[in-house]
Amino acid sequence: RGYKLPMQVRANGGAAWTVTEDLSPTAVAALLPAQLPSNSEVEVTMLSPVGEVSGTAKVMRTSRGVIGAKEYWRTVLEFRHLVGDGRRRDRRCRDG
């Protein structure tokens, strides 16, 4: 949970680099510069000490925050499909 990994989130033709705020095997939270619609699907890439992990995630919720004079959106993403470092996690297979 305390891991801070570099992460790129791609949606709607754009991309943003961020750092994971709260990481679990099923979800991640991160601060993003723009609000993403709930239930939308995004592409993610995380850079870990053992290699790159990439896949798709669903936007679960967002909340607005301000740090200094800059607006950010704390975004919670639920992993749908991840591949990386020889490991594979596919939620669609697990959920049937």
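Residues numbered from 1 in each chain as written. Predicted model: local features only at pLDDT ≥ 70, side-chain atom pairs only at ≥ 80, totals over all residues. Heavy atoms only, no water.

Trainee: I'd like a rundown of unusual backbone geometry, residues and numbers included.
Mentor: Unusually for a residue other than glycine, Asn12 sits at a positive phi of about 55°. One can find Asn12 in the loop between strand E1 (6-11) and strand E2 (14-23). (Helix = DSSP H or I, 4+ residues; strand = E, 2+ residues; numbered from the N terminus.)

Trainee: Just give me the short version of the pattern of salt bridges, but keep the residues and values in it.
Mentor: Across all of its chains, the model carries four salt bridges by this definition. Here Glu71 makes a salt bridge to Arg64, at a shortest N to O gap of 2.5 Å. With a relative accessible area of 33%, Glu71 lands in the partly exposed category. A salt bridge links Arg80 to Glu78; the shortest N-O distance between them is 3.3 Å. (Salt bridge = Lys/Arg side-chain N within 4 Å of Asp/Glu carboxyl O. Buried < 20%, exposed > 50% of the residue type's maximum accessible area, 1.4 Å probe, protein only.)

Trainee: Describe the environment of Thr56, naming the residues involved and giving the relevant values.
Mentor: Residue placement: Thr56 occurs in strand E5 (residues 51-67). Since its relative accessible area comes to 19%, Thr56 is described here as buried. A C-alpha to C-alpha distance of 8.7 Å links Thr56 and Glu78, two positions 22 residues apart in sequence. Discounting chain neighbours no more than four positions away, the residues touching Thr56 are Glu41, Val42, Glu43, Phe79, Arg80 and His81. (Contact = heavy atoms within 4.5 Å.)

Trainee: Before we move on, can you summarise the environment of Val9 with the specific residues and values?
Mentor: On the secondary structure map, Val9 appears in strand E1. Residue class for Val9 comes out buried when judged on its relative accessible area of 5%. Sequence-distant contacts of Val9, that is, excluding residues within four places in its chain, are made with Gly14, Ala15, Ala16, Thr18, Leu32, Leu36, Val42, Glu43, Val44 and Leu77.

Trainee: Please give an account of the pairing of strand E3 (residues 27-32) that cites residues and values.
Mentor: Pairing analysis gives three bridges linking E2 to E3, with the strands arranged antiparallel. The residue of E3 that forms the bridge with Thr20 is Ala30. Counting the residues that bridge the hairpin from E2 to E3 gives three residues. Sheet analysis places E3 next to strand E6 (residues 70-84), joined by six bridges and oriented antiparallel. Across the sheet, the residue bridging to Ala30 is Thr75, located in E6. (Pairing = 2+ DSSP bridges.)

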